[in-house]
Amino acid sequence: MTSVRKPPDVRVPRFVGLMAVDARETAEARGVMLAAPDRPDFHLTVVDYVVRQYPLPGTEVPPGAVVTVWFDFGEGEGGGGAGVREPRLPHPPTGGLYRELDEPGDPFEVLR
């Protein structure tokens, strides 16, 4: 009676932070498949970065198992949302008491 040997499990690599093209190459080298539900054109995606994955890195899976990766944050997961941080011009007035007082000799003096 011959026994069928099962190939050894592989560890899932860390895909988070990798560009799509690098994630595909890493998956191929490690013996796992990738799926990206938020990118139907995943095979063409190049410079988008992986933000989530399942299963987590280090998990042992059978060779050829599918690892799901996402390129966009889900609802309530973050993604920053803080916007662009370049300086805005003109700068807002300093405000406070100094702003409330008229400057002496101001050509546009407030009439009361």
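Heads up: the structure comes first, above all this text.
Described in the following lines is the structure provided in the data block. Fair warning: this is a prediction, and the values are worked out from it, not measured in the lab. Each chain carries its own residue numbering, running from 1 in the written order of its sequence. Totals for whole chains, interfaces and linings use all residues, but because this is a predicted model, local features are given only for residues with pLDDT of at least 70 and pairs of side-chain atoms are given and counted only at 80 or more. Each side-chain value is worked out from all heavy atoms of the structure, with water and hydrogens disregarded.

## Structural notes on the pattern of salt bridges
Stated precisely, the cut-off is as follows: Salt bridge, as used here: a side-chain nitrogen of Lys or Arg that lies within 4 Å of a carboxyl oxygen of Asp or Glu. The helix count covers DSSP runs of H or I at least four residues long, the strand count covers runs of E at least two residues long, and both are numbered beginning at the N terminus. We call a residue buried when its accessible area falls under 20% of the maximum for its residue type, exposed when it is over 50%, and partly exposed in between, using a 1.4 Å probe and counting protein chains only.
A complete count under the given rule lists 5 salt bridges for this structure. Measuring nitrogen to oxygen at the nearest pair gives 3.2 Å for the salt bridge that ties Arg39 to Asp72. Residue Arg39 is located in the loop between strand 2 (33-35) and strand 3 (52-54), and its partner Asp72 is located in the loop between strand 5 (66-70) and helix 2 (96-100); the two are separated by 33 residues in the primary sequence. Residue class for Arg39 comes out buried when judged on its relative accessible area of 16%. According to the relative accessible area criterion, Asp72 is partly exposed, its value standing at 41%. In this structure, a network of salt bridges that share partners links the residues Asp38, Arg39, Asp48 and Asp72.

## Points about the sheet that holds strand 2
Rule in force here: If DSSP finds at least two bridges between two strands, the strands pair. Structural elements are reduced to axes, namely lines fitted to C-alpha atoms, with helices fitted over the stretch in contact, and the angle between N-to-C directions of any two is expressed from 0 to 180 degrees.
Here 3 strands make up an open sheet; going across it, the order is 2-5-3 and the pairing mixed. Edge positions in the open sheet fall to strand 2 and strand 3, since each of these has one partner strand only. Ignoring which end each strand starts from, the neighbouring axes of this sheet average 30° apart. As paired elements, strand 2 and strand 5 share 3 bridges and run parallel to each other.

## Structural notes on the pairing of strand 5
The alternating pattern of strand 5 places Val67 and Val69 on a buried face and Val66, Thr68 and Trp70 on a face that is not buried. Where strand 3 and strand 5 come together, 3 bridges link them in antiparallel fashion. The partner of Gln53 across the bridge, within strand 5, is Val69.

## Describing the packing of aromatic side chains
What counts, and what does not: Pairing of aromatic rings covers Phe, Tyr and the six-membered ring of Trp, with a centre-to-centre limit of 6.5 Å; geometry is then stacked below 30 degrees between planes, edge-to-face above 60, and tilted otherwise. Charge-over-ring contacts are defined here by two conditions on Lys NZ or Arg CZ: a distance within 6 Å of the ring centre and an angle within 35 degrees of the ring normal.
In this structure the tally under the stated criterion is 1 aromatic pair. For the pair Phe42 and Phe71, a centre-to-centre distance of 5.8 Å together with 40° between the ring planes defines the contact as tilted. Pair noted here: Phe42 is in the loop between strand 2 and strand 3 and Phe71 is in the loop between strand 5 and helix 2, with a separation of 29 residues, a long-range link. Each of the two residues, Phe42 as well as Phe71, counts as buried. Directly above the ring of Phe42 sits Arg24, whose terminal nitrogen or CZ lies 5.3 Å from the centroid. The ring of Trp70 carries Arg52 above its face, with NZ or CZ at 4.3 Å from the centroid.

## A look at the nonpolar core
One broad rule of soluble globular proteins: the nonpolar side chains tend to lie buried together. Let me state the cut-off plainly: Put simply, buried Ala, Val, Leu, Ile, Met, Phe, Trp, Tyr and Cys residues joined by side-chain atoms within 4.5 Å make one nonpolar core. Should any heavy atoms of two residues lie within 4.5 Å, those residues are counted as being in contact.
Counting 16 residues, the largest nonpolar core has Phe15, Val32, Leu34, Val67, Val69 and Phe71 as its most contacted members. Considering every element that reaches this core, the biggest residue donor is helix 1 (residues 20-30), with 3 residues. Non-local contacts of Phe71, meaning those with residues more than four positions away in its chain, are made with Ala20, Ala36, Asp38, Arg39, Phe42, Asp48, Tyr49, Val50 and Val51.

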